[in-house]
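The lines below spell out each chain.
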Amino acid sequence: MSEKSSNSSGSDEDVDPESGQPVELGGVLSKWTNYIHGWQDRWVVLKNNTLSYYKSEDEREYGCRGSLCLSKAIITPHEFDECRFDISVNDSVWYLRAEDPEHRLQWIDSIELHKAESGYGSESSLRRHGSMLSLTSAASGFSATSTSSFKGHSLPEKLAEMETFRDILCRQVDTLQKYFDSCADGVSKDEFQRDRVVEEDEDDFPSSTRPDGDCLYNNGSKEKLFPAANPKGMNGIDFKGEAITFKATTAGILSTLSHCIELMVKREDSWQKRLDKELEKRRRVEDAYKSALSELKKKSHYGGPDYEEGPNSLIKEDEFFDAVEAALDRQDKIEEQCQSDKVRKPRLTPVPPGDTYSTIGTHRFAEQPHSYFSLFSAALVSASDVHRFSMQVEEVVQNHMTYSLQDMGGDANWQLVVEEGEMKVYRREVEENGIVLDPLKATHAVKGVTGHELCHYFWDTDVRNDWETTIENFNVVETLSDNAVIVYQTHKRVWPASQRDVLYLSAIRKILATNESDPDTWLVCNFSVDHNNAQPTNRCVRAKINVAMICQTLVSPPEGNKEISRDNILCKITYVANVNPGGWAPASVLRAVAKREYPKFLKRFTGYVQEKTSGKPILF
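Residues numbered from 1 in each chain as written. Predicted model: local features only at pLDDT ≥ 70, side-chain atom pairs only at ≥ 80, totals over all residues. Heavy atoms only, no water.

## Some words on the overall build of the protein
Step number 1: Of regular secondary structure, the protein possesses eleven helices and 23 strands.
Step number 2: Counting all 620 residues of the protein, 40% fall into the buried class.
Step number 3: Put simply, of all contacts in the protein between residues at least 6 apart along the chain, 63% involve residues at least 24 apart. (Helix = DSSP H or I, 4+ residues; strand = E, 2+ residues; numbered from the N terminus. Buried < 20%, exposed > 50% of the residue type's maximum accessible area, 1.4 Å probe, protein only. Contact = heavy atoms within 4.5 Å.)

Below, the structure is given as structure tokens:
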């Protein structure tokens, strides 16, 4: 995956100081699409509690390709991948990767901040409605406590007493409040009358007693006699008695509360045990819920990146094997349907005893003129074969001719894993850093075709798709010479294994005989190389190969003066393969697949060559 840096339109805090709201964050993240395209770079925008993504920043004007509301989102940093994090909302899951762990942390913090600031009850909402929310919460808590049901002995009676005391206390408070209000009204009227008397001139006061009670003394001083304050309703209130009753009521409330507290303390142990039991039940229910939710997510997102091959894959080894086997079975059915309209000749015929055949260089038809097919091949072999990989090709050919034709009978390291008629498949178990690198060797004998014909069809890219069913596509990257090309090919994906691609040099070569008794031998070698025009990509895992097909032609002389026919020809095949699959997959799965697929490949390929050469001139 190409690393791209994410950028933000805000600061590290991602909060607008004026509005107090998180600011917009935008940047490039890699998003898991599917198994065909894998991780793809997408422009991701975090704004207004919504996470949206676009194919690129330039295509924002065309609308987003998807969005998630973060109110109920669950953000999960990956356990092993330091750059990856997952966002799930119900059944929808986004798998995202940042450029580095620092950018991942920035995105996670910003998303959590947007999520926290969404809706009422968030941190900003609490700041805006702090006092009112506190009062409401307190009142709600008091109400819940006062109305809850207690089963302790005499506690309901005590609570009933509390209700009675409350009613009495409320009536007393109302009475006292009326008294205080009347007192305040009387004082106000008295002060108003005093102000009017002071404003009148002293000479205007009468010397006799006035009907309203005012009196002027002989020494010239005057004094206004005010009536005692007598507000409406005050004469009927015994203030001292009300105060004593108020004090008694409050004392009764306190006493009753003390009794309630004593009862609650006595029941505390019982309640604590009940609480512990309820907490344990809740913990078990939560664990069961989390387990069920985890299983549901696994089933809902069975095609997610956590189920691709890898040492941390969530899929079990037996499930991995079953999935691979099922995928291969489907490919076999597709192949059978494609070939159902074709009538094939029998692929395998009994092979006569080996002493019936002689090497091609010792019979009287060895120098017979060849057909147009052999003229093409003669030109192929005789053309200039010098290129920048020539030395490497020579080294690979010599190694195969030295070691690949050796008999495995006395080597205990080679195990015979398949034997079907003349076909035998051997394997030597080798593992390196947990990756299976088992060398494989197969021997086979096919009647009616020559080694040159088999190697020609195995090497010729023009007919590759006619017999090879595992390839998705391929192309010739470079033609080095008439008998050497560099080929890039991708193989069909077998889920849950990752898709593989191979870049290799393919060369066809006739092996010159050192003496007359040597059989006519042809070889095709395919080995991995590097090329600037076919660099590894994130879509596929690059496998490394070193494969050779060595074909030796044996001919039995025909009777009398008859011309040689295909009934007189036998080809002995030695096929060796050293494959490093790259990536990771269970060893048991890789070995089971090799044991199943290599014999099928040999039978399919040799049957194809027999069909293509039937009735045509023999190519020696």
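Don't stop here, the text continues.
## A few points about the packing of aromatic side chains
Step number 1: Across all of its chains, the model carries twelve aromatic pairs by this definition.
Step number 2: Through a chain of ring-to-ring contacts, the aromatic side chains of F458, W467, Y575, Y598, F601 and F605 assemble into a single cluster.
Step number 3: R97 extends its terminal NZ or CZ atom over the ring of W39, reaching a point 5.9 Å from the ring centre.
Step number 4: The positively charged end of R464 is found above the aromatic ring belonging to F474, 5.8 Å away from the centroid. (Phe/Tyr/Trp six-rings, centres within 6.5 Å; stacked < 30°, edge-to-face > 60°. Lys NZ or Arg CZ within 6 Å of the ring centre and 35° of its normal.)

## Thoughts on the confidence of the model for the protein
Step number 1: In the predicted model, the protein carries a mean pLDDT of 75, and the fraction of residues at 70 or more is 71%.
Step number 2: Here helix α3 (residues 130–147) is the element of the protein with the lowest mean pLDDT, 34, and strand β20 (residues 520–528) is the one with the highest, 95.
Step number 3: Long-range and interchain partners of residues 120–153, a stretch whose pLDDT sits below 50, account for 25 contacts in this model, where long-range means more than four residues apart.
Step number 4: Confidence over residues 207–229 falls short of pLDDT 50; this stretch has 20 contacts with residues more than four positions distant or in other chains. (pLDDT = per-residue confidence, 0-100.)

## Quick word on the environment of L293
Step number 1: With respect to the helices, strands and loops of the structure, L293 is situated in helix α5 (residues 239–300).
Step number 2: Put simply, L293 and N90 are 203 residues apart on the chain and 9.9 Å apart in space, counted from C-alpha to C-alpha.

## Points about a positive patch on the surface
Step number 1: Taken together, the side chains of K273, R274, K277 and K281 define a basic patch exposed on the protein surface.
Step number 2: Take K277: it is sitting in helix α5.
Step number 3: On the basis of relative accessibility, which here comes to 58%, the residue K277 falls in the exposed class. (Patch = residues over 30% accessible without salt bridge, like charges linked within 9 Å, V, L, I, M, F, W, Y side chains within 5 Å. Areas by Shrake-Rupley, 256 points an atom, 1.4 Å probe, with all protein chains shown as cover. Salt bridge = Lys/Arg side-chain N within 4 Å of Asp/Glu carboxyl O. Lys, Arg positive; Asp, Glu negative; His and termini not counted. Charge placed at Lys NZ, Arg CZ, Asp CG, Glu CD.)

## Structural notes on unusual backbone geometry
Step number 1: Backbone geometry at N48 places phi at a positive 55°, although glycine is not the residue there.
Step number 2: Its identity is not glycine, yet N49 carries a phi of approximately 65°, on the positive side.
Step number 3: Within the secondary structure, N49 is located in the loop between β3 (39–47) and β4 (50–54).
Step number 4: The exposure class of N49 is buried, given its relative accessible area of 10%.

## Some details on the pattern of salt bridges
Opposite charge on two side chains permits pairing when their charged atoms draw close.
Step number 1: Summed over the entire model, instances satisfying the criterion amount to 21 salt bridges.
Step number 2: A salt bridge links K603 to E420; the nearest nitrogen and oxygen atoms lie 3.0 Å apart. With K603 in helix α11 (residues 587–613) and E420 in strand β12 (residues 415–420), the pair connects residues that are 183 residues apart, well separated along the chain.
Step number 3: The residue E472 makes a salt bridge to R539 at a minimum N-O spacing of 3.1 Å. Separated by 67 residues along the polypeptide, E472 in strand β17 (residues 471–481) and R539 in the loop between β20 and β21 (541–542) bring together distant segments of the chain.
Step number 4: With a relative accessible area of 39%, E472 lands in the partly exposed category.
Step number 5: With a relative accessible area of 38%, R539 lands in the partly exposed category.

## Thoughts on the pairing of strand β19 (residues 500–511)
Two faces make up the sheet, and in a regular strand the side chains alternate between them.
Step number 1: Where burial is concerned, most of β19 is hidden: eleven out of the twelve residues are buried.
Step number 2: Bridge count for strand β18 (residues 484–491) against β19 is seven bridges, and the pairing is antiparallel. From the neighbouring strand, I486 faces β19, where its bridge partner is L505.
Step number 3: Here β19 runs beside β21; their pairing, made up of two bridges, is parallel. Opposite R500, over in β21, you have V541 as the bridge partner. (Pairing = 2+ DSSP bridges.)

## Points about the state of the cysteines
Step number 1: Tallying each qualifying case throughout the model produces zero disulfides.
Step number 2: Here C571 stays free of any disulfide, with the sulfur of C551 as its closest cysteine sulfur at 4.3 Å. (Disulfide = S-S within 2.5 Å.)

## Comments concerning the packing of helix α9 (residues 451–459) against α11
Step number 1: Put simply, α9 and α11 touch, their axes get as near as 10 Å, and they point 110° apart. Taken together, the axis directions place α9 and α11 in an arrangement best described as roughly perpendicular. Considering how the two elements wind past one another, α9 and α11 form a crossing that is right-handed. Residue-level inspection shows E453, L454, Y457 and F458 of α9 in contact with α11, the latter providing F601, F605, T606, Y608, V609, K612 and T613.
Step number 2: Looking at side-chain class alone, the contact of α9 with α11 contains seven nonpolar, two polar and two charged residues. (Axes fitted to C-alpha atoms, helices over the stretch in contact; angles between N-to-C directions. Parallel < 35°, antiparallel > 145°, perpendicular 65-115°, else oblique. Left-handed = near helix turned anticlockwise from the far one by under 90°. Nonpolar A, V, L, I, M, F, W, Y, C, P; charged D, E, K, R; others polar.)

## A short note on helix α8 (residues 390–404)
Side chains three or four residues apart in an α-helix point the same way, a direct result of the helix having 3.6 residues per turn.
Step number 1: Under the 1.5 Å per step criterion, the end-to-end length of α8 is 20 Å for 15 residues, consistent within 8% with the ideal 21 Å.
Step number 2: S390, V393, V396, V397, H400 and S404 are the residues of α8 that are buried. Along the long axis of α8, the arc covered by the buried residues comes to 130°, so they all point the same way. Exposed residues lying more than 90 degrees from the buried face of α8 are M391, E395 and Y403. (Expected span 1.5 Å × (residues − 1). Arc of directions from axis to C-beta.)

## Quick look at the nonpolar core
Step number 1: The biggest cluster of nonpolar side chains holds 39 residues, and the ones touching the most others in it are L454, F458, M549, Y575, F601 and F605.
Step number 2: Per-element tally for this core: the top contributor is α11, with six residues.
Step number 3: When residues no more than four places from it in sequence are discounted, the contact partners of Y575 are L440, K441, A442, F458, V547, A548, M549, Y598, F601 and L602.
Step number 4: One finds L29, Y53, L70 and L96 within the second-largest nonpolar core, a separate group that totals 19 residues. (Core = buried A, V, L, I, M, F, W, Y, C linked by side-chain atoms within 4.5 Å.)

## Things to note about α11
Step number 1: Helix length check: α11, at 27 residues, gives a terminal C-alpha distance of 39 Å against a target of 39 Å (1.5 Å per residue), a fit within 8%.
Step number 2: Of the residues flanking the end of α11, it is G615, one or two places downstream, whose phi is positive at about 80°.

## A word on the side chain of Q552
Step number 1: Its location among the elements puts Q552 in strand β22 (residues 544–555).
Step number 2: Residue class for Q552 comes out buried when judged on its relative accessible area of 19%.
Step number 3: Among all residues touching Q552, those that are not within four sequence positions of it are L405, P519, D520, T521, L570, C571 and K572.

## Considerations on the side chain of N526
Step number 1: Assignment of secondary structure puts N526 in strand β20.
Step number 2: Polar contacts involving the side chain of N526 include one to the side chain of S506, which spans 2.7 Å.
Step number 3: Non-local contacts of N526, meaning those with residues more than four positions away in its chain, are made with F458, Y504, L505, S506, A507, I545, N546 and V547. (Polar contact = N/O pair within 3.5 Å; in protein donor to acceptor, adjacent residues only side chain to side chain.)

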